[in-house]
Amino acid sequence: MAYDVAAVRAQFPILHPVAADDGTVRPLHYLDNGATAQVPRAVLDAMVAHETTARSNVHRSVHRLAEAATRAYEGARQDIARFIGSQPAQVIFTSGTTAAINLVAHCFGARLRPGDEVLVSVLEHHSNIVPWQMLRERSGIVMKALPATADGRIDLDRLDDLVTDRTRLIALTHAANVTGAVTDVARVVAAARAVGAEVLLDGAQMVPHGPLDVPALGVGFYCFSGHKMFGPNGIGVLWGREDLLADMPPFMGGGEMIAHVTLDRTSYAAPPMRFEAGTPPITPAIGLAAAARWLAGQDLAGAEAHLKQLTALAIDGLSEMEGISVIGPTGTQARMPVISFTMDPLHPHDVAQILDSHGVAVRGGHHCAQPYMDSRDIAGTVRASLALYNDRDDVDALLRGLHEVRALL
Ligand code: PLP
């Protein structure tokens, strides 16, 4: 059966704008999913149901609501574990990908010594660059970066020169947020294993496309954000291999992460609680679990084929327009539906602003990837990032809007 995009769209209230008081309806072609995706009714309902029937703190009180909230929160951990093929004890709730990488930089980083090396790439989001620079300041580690190929992929041919016997961690994006390029994880893991290093993957742009068997990837750490996978914001996940988590000191100190506290010393809880100090984001975790269940229940093979078609349509349309250069792979293999381009001589912000006046929401700028922009000698790109509810109308509106931008010049 053909992929039923209309049935998917129908589940997202925001995609069906209501008329303003004067009767006008502003169209919405939402193509900024790489920044934040929209939320289906099922996720909103799950959060409202929790807030209205079981709101309480978790792991503390013994009353009925507290027990219901604890069950729901730990149930959410189990759902996320199922979504990524893991055990619940390896799922740590954080506030997002950024917090997850900072946690690893602090806690795994605490075991690193001056001269130990962390290898990133020039295509990383700032959240997978700055925490390692901060660790470098604290601990004297050495940071190295893989360059990018001309078509916007991490240049894995350079692994041989850049991985050394001092490499302790290779921290890379699973799918690049500027170019959509998907990283060949098996190659990275093989290079890391050859020198006894670990791999961290930033899955922020990967996980919105469906469940994964994270342990089978062979990496040590994996992280992602709820708001990019049809869940709420303020919640994300760090997955860590059991032996690595067990060996790491805590990130923050406070309630819930302890086994026993005296005024002289504290012993710490086992993972995952060791890394979840304080009241956790309970309702967001419940919303995230609902998003994971919702996503796992979609026609994902159909969505993938549909998004490949839309990506090809968008890239073909862009390639025909004067002054536009696609920044990233121009094919549909090993890439996500994230399409970046420049439009000479305009600044990406100006293009995004004009598109907005046509009801097309894209992002224009450096996308928190300034090192990559510098490496291409550009200020930024316009980025159209698609999700499983986008349809041909959205891509047509983008291309039509760009023709109008060109006409204004
Ligand atoms: N990594 C990638 C690849 C991203 O695209 C983003 C967000 O745009 C992040 C990390 C940071 O995610 P968050 O802001 O949710 O922590």
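Please refer to the structure higher up on the page.
Below you will find a few notes about this structure. Every chain begins its residue count from 1, and numbering advances along the sequence as written. The model is predicted, so local features are restricted to residues of pLDDT at least 70 and side-chain atom pairs to those at 80 or more, both for listing and for counting; the totals for chains, interfaces and linings are taken over all residues. With hydrogens and water excluded, all non-hydrogen atoms of the structure serve as input to the side-chain values.

## Section: the overall build of the protein chain
Then step 1. Secondary structure counts use DSSP, requiring at least four H or I residues in a row for a helix and at least two E residues in a row for a strand, with both numbered from the N terminus. When helices and strands are counted, the protein chain shows 14 helices and 15 strands.
Then step 2. Computed over the C-alpha atoms, the radius of gyration of the protein chain is 22 Å, within 12% of the 22 Å expected from 2.2 N^0.38 for a compact globule of 409 residues.
Then step 3. Along the first, second and third principal axes, the C-alpha atoms of the protein chain reach 70 × 55 × 40 Å.
Then step 4. Across the 409 residues in the protein chain, those meeting the buried criterion constitute 55%.
Then step 5. When contacts within the protein chain are restricted to residue pairs at least 6 apart in sequence, long-range pairs at least 24 apart make up 71% of them.
Then step 6. Exposure was quantified through the Shrake-Rupley algorithm and a 1.4 Å probe, taking into account, for residues, occlusion by the shown protein chains and nothing else. Surface exposure of the protein chain reaches about 17,200 Å², of which carbon and sulfur atoms provide 52%.
Then step 7. Counted charges follow a simple rule, with Lys and Arg positive, Asp and Glu negative, and His plus the chain ends left uncounted. By convention, the point assigned to a charge is CZ for Arg, NZ for Lys, CD for Glu and CG for Asp. In the protein chain, the 33 positive side-chain charges and the 44 negative ones have mean positions that sit 6 Å from each other. Note on method: radius of gyration uses C-alpha positions; expected globular size equals 2.2 Å times residues raised to 0.38. Note on classification: 1.4 Å probe, protein chains only; a residue is buried when its accessible area is under 20% of the maximum for its type, exposed when over 50%, partly exposed between these limits. The criterion used for residue contact is that any of the two residues' heavy atoms lie within 4.5 Å.

## Re the sheet that holds strand β7 (residues 221-225)
Then step 1. Whether two strands pair depends on DSSP finding at least two bridges between them. Taken in spatial order, the seven strands of this open sheet run β2-β8-β7-β6-β5-β3-β4, and their pairing is mixed. Of all strands in the sheet, those with a lone pairing partner are β2 (91-94) and β4 (142-146), marking the two edges. Strand-to-strand, the axes of this sheet are offset by a mean angle of 20 degrees, without reference to chain direction.
Then step 2. In this structure, strand β5 (residues 167-173) lies alongside strand β6 (residues 198-202), joined through five bridges in parallel fashion. Looking at the pairing, threonine 173 lines up with aspartate 202 of β6.
Then step 3. Strand contacts of helix α5 (residues 130-139): β3 (117-121), β4, β5 and β6, with the helix running at about 155 degrees to β4, the strand carrying the most contacts. Here, axes are lines fitted to C-alpha atoms. For helices the fit covers the stretch in contact, and angles between N-to-C directions go from 0 to 180 degrees.

## Focus on unusual backbone geometry
Then step 1. That bond from proline 271 to proline 272 is cis: its omega, 5 degrees, falls within 30 degrees of zero.
Then step 2. When you line up the elements, proline 272 lands in the loop between β10 (266-268) and α10 (282-296).
Then step 3. Of note, the amide linkage connecting aspartate 344 to proline 345 takes the cis form, showing an omega dihedral of 0 degrees.
Then step 4. Note that proline 345 resides in the loop between β12 (338-343) and α12 (348-357).
Then step 5. One non-glycine residue, glutamate 256, adopts positive backbone phi at about 75 degrees.
Then step 6. Phi angles above zero are rare outside glycine, and cysteine 368 is one such case at about 55 degrees.

## What about the nonpolar core?
Then step 1. If you look at the biggest cluster of nonpolar residues, it comprises 97 residues, and the most contacted ones within it are Tyr222, Leu388, Tyr389 and Leu402.
Then step 2. The element best represented in this core is α10, accounting for eight residues.
Then step 3. Setting aside its immediate chain neighbours within four residues, tyrosine 389 contacts Val5, Val8, Arg9, Phe12, Leu15, Tyr30, Asn33, Ala37, Gln38, Phe230 and Asp394.
Then step 4. We define a nonpolar core as any set of buried Ala, Val, Leu, Ile, Met, Phe, Trp, Tyr and Cys residues linked to one another through side-chain atoms lying within 4.5 Å. Among the nonpolar cores identified, the runner-up in size contains 26 residues, and Ala100, Trp132, Leu200 and Cys223 belong to it.

## Describing the sheet that holds strand β15 (residues 381-385)
Then step 1. Spatially, β11-β12-β15-β14 is the arrangement adopted by the four strands of the open sheet, whose pairing is antiparallel. The open sheet terminates on both sides in strands that have one partner only, identified here as β11 (324-327) and β14 (363-365). Averaged over all adjacent pairs, the angle separating strand axes in this sheet is 30 degrees, with direction ignored.
Then step 2. Bridge analysis of β11 against β12 gives four bridges, and the strand direction is antiparallel. Bridging across to β12, isoleucine 324 finds its partner in methionine 343.

## Observations concerning α12
Then step 1. When we look at burial in α12, the residues that qualify are Pro348, Val351, Ala352 and Leu355. Mapping the buried residues of α12 onto a view down its axis gives an arc of 100 degrees, with all of them on the same face. Exposed residues lying more than 90 degrees from the buried face of α12 are Gln353 and Ser357.
Then step 2. Taken together, the buried residues of α12 touch β12, β13 (360-361), β14, β15 and α14 (392-408). The directions considered for the arc run from the helix axis to the C-beta atoms.

## So, the site of the ligand
Then step 1. Definition of nearness: a residue and a molecule or strand are near each other if at least one heavy atom of the residue lies within 4 Å of the molecule or strand. Neighbouring residues of the ligand: 13 residues in total, closest Thr98, Asp202, Gln205, Ser225 and Lys228.
Then step 2. What qualifies as a polar contact is a pair of N or O atoms within 3.5 Å, subject to a donor-acceptor requirement within protein and to the restriction that residues adjacent in sequence count only when both atoms come from side chains. Histidine 125 is positioned such that a nitrogen or oxygen atom in its side chain is 3.4 Å from an oxygen atom of the ligand.
Then step 3. In this structure, a nitrogen atom belonging to the ligand sits 2.5 Å away from a side-chain N or O atom of aspartate 202.
Then step 4. With the chains in place, 88% of the 400 Å² that the ligand exposes on its own is no longer accessible.
Then step 5. Ten residues, namely Ala, Val, Leu, Ile, Met, Phe, Trp, Tyr, Cys and Pro, are considered nonpolar, four, namely Asp, Glu, Lys and Arg, are considered charged, and the remaining ones, Gly among them, are considered polar. The residue inventory of the shell around the ligand, partitioned by class, reads one nonpolar, 10 polar and two charged.

## Some details on the pairing of strand β9 (residues 258-261)
Then step 1. Relative to β10, β9 is paired through three bridges, and the arrangement is antiparallel. Bridge pairing links histidine 260 to serine 267 in β10.
Then step 2. Between the antiparallel neighbours β9 and β10 lie four residues.

## Things to note about the packing of aromatic side chains
Then step 1. In summary, the pairing rule links any two rings of Phe, Tyr or Trp, Trp by its six-membered ring, whose centres are within 6.5 Å, and it sorts them by plane angle into stacked for under 30 degrees, edge-to-face for over 60 and tilted for everything else. Tallied over the full model, the rule gives eight aromatic pairs.
Then step 2. Of the aromatic side chains, those joined through ring pairs into one cluster are Phe12, Phe230, Trp294 and Tyr389.

## A closer look at the pattern of salt bridges
Then step 1. Salt bridges, as used here, are contacts in which a Lys or Arg side-chain nitrogen is within 4 Å of a carboxyl oxygen on Asp or Glu. Going through the model one piece at a time under the given rule, you end up with 19 salt bridges.
Then step 2. For arginine 166, the salt bridge identified is with aspartate 116, shortest N-O distance 2.8 Å. Here the residue arginine 166 occupies a position in the loop between α6 (159-162) and β5, and aspartate 116 occupies one in the loop between α4 (97-107) and β3, the gap between them amounting to 50 residues.
Then step 3. Assessed through its relative accessible area of 4%, aspartate 116 is described here as buried.
Then step 4. For aspartate 157, the salt bridge is made with arginine 187, and the minimal N-O distance between the two is 2.8 Å. Here arginine 187 lies in helix α7 (residues 185-194) and aspartate 157 lies in the loop between β4 and α6, a separation of 30 residues in the sequence.
Then step 5. For aspartate 157, a relative accessible area of 56% translates into the label exposed.

Structural measurements only, silent on function.
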